[in-house]
Structures are given as C-alpha cells and as structure tokens.
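So you can see what is in the structure, the chains are spelled out below.
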Amino acid sequence: MAADANNSNTSLMANAIRALAMDAVQQANSGHPGAPMGMAEIAVALWGRHLKHNPRNPAWADRDRFVLSNGHGSMLLYALLHLSGYDLPMSELRNFRQLHSKTPGHPEFGLTPGVETTTGPLGQGVANAVGMALAEKLLAATFNRPGHAIVDHNTYVFLGDGCLMEGISHEAAALAAAWKLNKLIAVYDDNGISIDGKVEPWFIDDTAQRFRALGWNVIDGIDGHDVDAVDAAIAQAREAVDRPTLICCKTVIGKGAPNRAGTAKAHGEALGGDEIRLTREALGWSHEPFVIPEPVYEAWDAGDAGLAAETRWVLAFEAYSQQYPELAVEFIRRVEGRLPDNFAQVAVDAAVAAHQQAATAASRKASQLALEAFTAALPEMLGGSADLTGSNLTNTSHTPPLRFAGDASPVLGDDNRPGRHINYGVREFGMAAVMNGVALHGGFIPYGGTFLTFSDYSRNAIRMAALMKQRVIHVFTHDSIGLGEDGPTHQSIEHAASLRLIPGLDVWRPADTAETVVAWACALQSAQRPSALLLSRQNLPYAPKSGLDDISKGAYVLAEPSEVGLRRRAQAVIIATGSEVQLALHAQQLLAARKIAVRVVSMPSTTVFDRQSLAYKRAVLPDALPRIAVEMGATDGWWKYQCAAVVGIDSFGESAPAPALFKFFGFTAENVAATVLKVLGKK
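So, here is what we can say about the structure in this document. Please read these numbers as outputs of a predicted model, since none were measured by experiment. (Residues numbered from 1 in each chain as written. Predicted model: local features only at pLDDT ≥ 70, side-chain atom pairs only at ≥ 80, totals over all residues. Heavy atoms only, no water.)

1. Quick notes on the packing of aromatic side chains
Thinking step 1. Taken as a whole and assessed by the stated rule, the structure comprises 18 aromatic pairs.
Thinking step 2. Measuring from ring centre to ring centre gives 5.3 Å for Phe 143 and Phe 331, while their planes differ by 75°; the resulting arrangement is edge-to-face. Residue Phe 143 is located in helix α6 (residues 124-143), and its partner Phe 331 is located in helix α15 (residues 325-336); the two are separated by 188 residues in the primary sequence.
Thinking step 3. Overall, Phe 143 belongs to the buried group, its relative accessible area being 1%.
Thinking step 4. Residue class for Phe 331 comes out buried when judged on its relative accessible area of 2%.
Thinking step 5. Between Phe 609 and Tyr 641 the ring centres are 6.3 Å apart and the planes differ by 45°, which places this aromatic pair in the tilted class. Here the residue Phe 609 occupies a position in helix α25 (residues 606-609), and Tyr 641 occupies one in the loop between β19 (627-630) and β20 (645-647), the gap between them amounting to 32 residues.
Thinking step 6. Classification of Phe 609 by relative accessible area gives buried; the value is 1%.
Thinking step 7. Through a chain of ring-to-ring contacts, three or more aromatic side chains come together here, namely Phe 143, Trp 313, Phe 317, Tyr 320, Tyr 324 and Phe 331.
Thinking step 8. The ring of Tyr 542 has Lys 545 sitting right over it, with the charged end atom 4.1 Å from the ring centre. (Phe/Tyr/Trp six-rings, centres within 6.5 Å; stacked < 30°, edge-to-face > 60°. Helix = DSSP H or I, 4+ residues; strand = E, 2+ residues; numbered from the N terminus. Buried < 20%, exposed > 50% of the residue type's maximum accessible area, 1.4 Å probe, protein only. Lys NZ or Arg CZ within 6 Å of the ring centre and 35° of its normal.)

2. Some points on the nonpolar core
Thinking step 1. Counting 83 residues, the largest nonpolar core has Phe 374, Ile 481, Trp 520, Leu 524, Ile 574, Leu 621 and Phe 667 as the members making the most contacts within it.
Thinking step 2. The dominant element in this core, judged by the number of residues it contributes, is helix α22 (residues 513-525), at nine residues. (Core = buried A, V, L, I, M, F, W, Y, C linked by side-chain atoms within 4.5 Å.)

3. Some details on the pattern of salt bridges
Thinking step 1. Under the defined criterion, the tally for this structure stands at 31 salt bridges.
Thinking step 2. Glu 631 is paired through a salt bridge with Arg 509; the nearest N and O atoms lie 3.9 Å apart. Of this pair, Glu 631 sits in the loop between β19 and β20 while Arg 509 sits in the loop between β13 (506-508) and α22, and the two are 122 residues apart along the sequence. Note on accessibility: Glu 631 and Arg 509 belong to one class, buried.
Thinking step 3. Taken together, the shared-partner salt bridges in this structure form one network comprising Asp 479, Arg 500, Arg 509, Glu 580 and Glu 631. (Salt bridge = Lys/Arg side-chain N within 4 Å of Asp/Glu carboxyl O.)

4. As for helix α28 (residues 669-679)
Each turn of an α-helix holds 3.6 residues, which means side chains three or four residues apart point in the same direction.
Thinking step 1. Residues of α28 that are buried: Ala 669, Val 672, Ala 673, Thr 675, Val 676 and Leu 677.
Thinking step 2. Here the buried face of α28 lies against β17 (572-576), α24 (580-592), β18 (598-602), β19 and β20.
Thinking step 3. Just beyond α28, the residue with positive phi is Gly 681, at close to 75°. (Contact = heavy atoms within 4.5 Å.)

5. With respect to the sheet that holds strand β1 (residues 65-68)
Thinking step 1. Strand order in the open sheet made by the five strands is β1-β2-β3-β7-β6, with parallel pairing throughout. The open sheet terminates on both sides in strands that have one partner only, identified here as β1 and β6 (217-223). Neighbouring strand axes in the sheet, compared pairwise and without regard to direction, differ in orientation by 15° on average.
Thinking step 2. Across five bridges, the pairing between β6 and strand β7 (residues 245-250) is parallel. (Pairing = 2+ DSSP bridges. Axes fitted to C-alpha atoms, helices over the stretch in contact; angles between N-to-C directions.)

6. A word on unusual backbone geometry
Thinking step 1. Even without a glycine there, the phi angle at Asn 29 is positive, about 55°.
Thinking step 2. With respect to the helices and strands, Asn 29 occurs in the loop between α1 (2-28) and α2 (34-38).
Thinking step 3. On the basis of relative accessibility, which here comes to 62%, the residue Asn 29 falls in the exposed class.
Thinking step 4. Phi at His 478 is positive, roughly 55°, even though this residue is not glycine.

7. Digging into the sheet that holds strand β9 (residues 381-385)
Thinking step 1. As summarised here, the arrangement of the six strands in space is β10-β9-β11-β12-β14-β13, forming an open sheet in which the pairing is parallel. Edge positions in the sheet fall to β10 (421-423) and β13, since each has one partner strand and no second. Geometrically, the sheet is characterised by an average inter-axis angle of 20° between neighbouring strands, direction not taken into account.
Thinking step 2. Across three bridges, β13 lies against strand β14 (residues 531-534) in parallel orientation. Directly across from Trp 508, in β14, lies its bridge partner Leu 533.
Thinking step 3. Along the sheet face, helix α19 (residues 428-441) touches β9, β11 (445-451) and β12 (473-477) and points at about 170° away from the line of β11.

Written out as structure tokens, the structure is:
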C-alpha cells in the first residue's frame, strides 16, 4: 500500500509539470511543451529526491547548481521553481513569454529567481555546467579543511539531442573528463525528436559510447518515465569519485498527449484545446488550467528542507570561521564578488609604474606585465588560453598550470592552492562558455586568451556573458594585419567593430603599457560587464602623456599641438586606437612642420567613451574640429563620431611581413598626414 501511495504521489507531481507546461504554452500560443512533458519524471527524481537548494534563498553559496541546457523547455524549470516554493507566483506562469514577465521564452539569469544561467543557444548550458563544476572543485580545494567541507555541492545539467549535436558539447564534455569533475551529473533526455522530426536521419551518434570514450562514467538504458530508476541512477552517479557522469534516459516527448506524444509537433507548438482536453483525460488530471491542488504543492514544497539544509551549512560555516577566521572572511569576499580593499591602490601603482618605465612592448606583453601585478593581488583570477599560452601571454609567475592528481583532486602549489592557469586546448567556444559558468558559480574571475580572429568561434558565448552581465575577460591578441605572414585567415579586420556591437561588452584596444594596465583594471572592476582586450603582436613605443586619470574614460587627449603658437588653433583631431596611436603622433609631427596643428586623441575603448557625459565627449572631440580616425580594421563604426575621413581597411589582409603590409594598406604617418590635409582642403 505504501508503494502504491508513493507511486501515486510521484505521478501527481509529474503530471503537475505536464499540466503547467501545456497550459502556459497554450495560453501564450508559443513555446515548447514536449520536453517538459517528457522529462517530468526525471525532474521529480532530481528535484524531489536529490537537489540541495533553498527556495527561500536562491543565492545560498553551497546549493547544488541546476542547468536546463535544453532551454527551449523552459516551462519545465518554471514549473519546478513555482511548485518547489521559489518566488515565482502562478501569475508569472500565466504570463509565460509575455512582455516583462519573469517567465521568458528561454530561462534568463538575473530575471527569474532560481535560474542559474541563461540557456537557449543549445550546448552552451552544458559548457556552463562544466564551468560551475570546475569552480566548485577549485573553490573546495582552496577553502575546505579537514572536517570542514564548506564547499560541497553537485552540478546537474539536463540536456537533449540538440545540445549533443552542437559542437560545443564535445568541447565541454572533453574538458569535464580531463578535469575529473566527478560532481558533475548530466541527464540526457533521449527522445529522438527535434524540430525537423525524428533525428535518426541526421543524428546517429552512439552517445553513450562517445561519452565513455571521452572518459565519462555512463549510466545508460534508463527509463526516463520511471522515477525510481532515475532516482537510483542519480544516486549511483553521486558515488563517482574520478569522473563526471552521463545518465541516458529514454523518454517520449510530449508524454501524455494522445495524438502528439512522440512527434515533432509536440516539440515547439501549443497542443491545442482539443489535445489538451484529451491529455487531461489520459492523465486523469481533472483540474482547471493553472490550478494545482494543495496536496501536490505539499509534495513539491522544498522550503522547509531547503532552510534546514542551509541552516546546517551556516552552523558548519560558523565552526569553520572560528577555526579559520581569515579563510572565512576571504571566502565570503570571493563568493560575493568583491575585490580586495586595496585593489584601487594596486591598480594605481601598476599604472604609475608602467608610466614611469615608459617601456616599448607589444600590448600582449604589456598585458602579461599587468597580469603579474593583478594575479598577485587577486587570488580569484583564473586564467587560461586556447592552446596559445606562449602567444597570448596569459600565464604569470602567480598562476601555475591547473593539474589534477590521480584521485581527481587538483594538485596544490606551495601556497596550498590549486593551479590558476588552464590549458583549454583548441576549444575557443568551449573556453568562453566554460568561463561563463565559472563566473556564474562565483568565487573566481575567469579570463582566457586566443587570437582576435578566433573570437568568431567564441562569439555567442561572449554575447551570453554580456546578456547575463558576467565579469568574464577575453584576451584577444594578434589584433590586426600587424601579425604579418600568417595572412588573411589570421588577420583581424572586422572583429573589433563586430565586438563593439555587442551590448554590454567593453572592448579595449590599448596603445601602450599604461593603457593596458588601465584596461585590465577597468575590466576587473566591471562586476556586471564582460570585457575584451584586443592586443598587438608587434612592439609599441610608449606614448608620452601628461597623466593617467582620463584613460579609464575610454578616450582622452593624448597630445595637443606641440608648439604654443599652434595650440590655440588646432585645425583637426586625429582619433586612433592601439598600435595606430603611434601613427597619429608621427602624423601630428609631420603636420606641425607645415604649421598645421592637430590634436591627437587616444581612444582605447569606444564602448566606455560612449558612456561618458556629453560635456566630456565634447571636451575631447570639439564639435568645431573635423575628425580623422585611424584604425587597422573595418571603418563602419567610426562614422558615428562624425569623422570626415577614416584611415582603415575594409578588405581582407595579405600574407607578408608587417612593415610591408602597413605600407601596402596605407598605415603610414605620411598617409595619415595626407588624409588630414585632404580633409582640410590643403595639398
């Protein structure tokens, strides 16, 4: 009798998800009911029996992380959040996919309580989960002490066929195995259906074997509609000690719908009134739309259990704090994302040192010099490179490589901390999305490097970081035709302009060592913005400047006309970024020899400059003066500054030594000066 009652209870819990999913999608006449209906029992097994979370405090530091990678099935997550007690009332479910609701078409981090990451672009949720699990493992290795496991939680991710078809899932899964993320548990909803129909003609992978080959623990052959079977599989997965686990669950999409179950129509269409009526009859669900009986709420409610779990952790953390007070303070600072109190002074000191040394260096090398100071001051900085460490220069003396011992634990260094520089391999997209997961988890500030041209591989993950307002820092070196002989496949043309179009992303292209330090400092201080640093391969002379204060505003007056007599009658402004600032300064000298005065403005970040006050922008770029921009890249973005001319490049590059390319494409001081003369109507 007890078993029958338990089965009845789980059936009601699962059918509540189905009812909410089909009702919300029907009301919106938009959405994906099939996945929530097909994964209902899987959700009951995880959320009802395993997930450690507190609906009353979604931000509790030691909660389990849950990621719905197949984010089109968002009503599954919204139903779970509502039923288990999060602040997501039924009115929001009724408002599914409507303007300003907390139930958008795909889950959005920061909008809906309990949503750990924004998903929808398939496969990225898997990579986010890998980043979260990595952060958990590294944070545990850093702060846990014998008898005091203050970081001890699992990361769960639901995924579907679409996630597995996307290449990023291969990248992320390979990294998860290499990092021995035994507390990462992925549940595969194997329903064999995508928008175009049965996937058999185009998706014939043996997923279980693929993941075994990668090094995962695989539990396959699970009936996804058997709560007890899924429960047992999750329990088994939690016992893994040296590898992540994939649980393969066979399900029927749209389970319960008499005419739509198992079809593509259940995937992305409302069921329709008649089918919903038949589904209710088939499920024995007699309640009106959006009505959940109280016994079902009681079965789902996780409030008391979540509060008890967090209370136990709070008591454990208090004991930890008494024995390790400094570590406890540092742990809280890091999970809250606060920089150390002395960071501002560290940044000032680094910038002043760069200014005083006035070294000639490639900005990628200047970046590494800046990182030496910042990684020493910020133990939360977690760096890496997509197999280009020697070129990106993302490693420092304070960031030894991340390595794992035979027992799957991170190898600790002399400072009793795990390595802080990750070899991602040739996986730019995976790296970017994993960094998003690390940032979302908390406790670390991730940064990673590759060539600027390969930002194309990473672009959607960069966009997601901006959408989620995450402090993720991308180091993009070899930023122009200045890299030379590798040719047009590697020479960035449109990339700076393209990245600047992403809302919420700060793009920096510094001209020298001091600007590079400031760019790094601003990126680290931007707690709700990702940043991209575009850095040169070739050496750049230091640009003499009267001060450093205005660099952080994105643009500043670098050089006024050199002669006092010319200063009062500047006739034009040359705006330049990165390596082209030197061209602007040399052109200024050539023009001065002809008694033509120009102001040189260095604009390391157009995105930051655009946020400044109108008064500041007019002070830097006076309305009355014609403007000439100089940048080795696409010209389109410069016309918004009402430039009279742009010295740029709107074609692909060539393979040749950099000096030959500069001359061929017109990036010489003489050509810049000639362009200014033409604008001024002078020969």
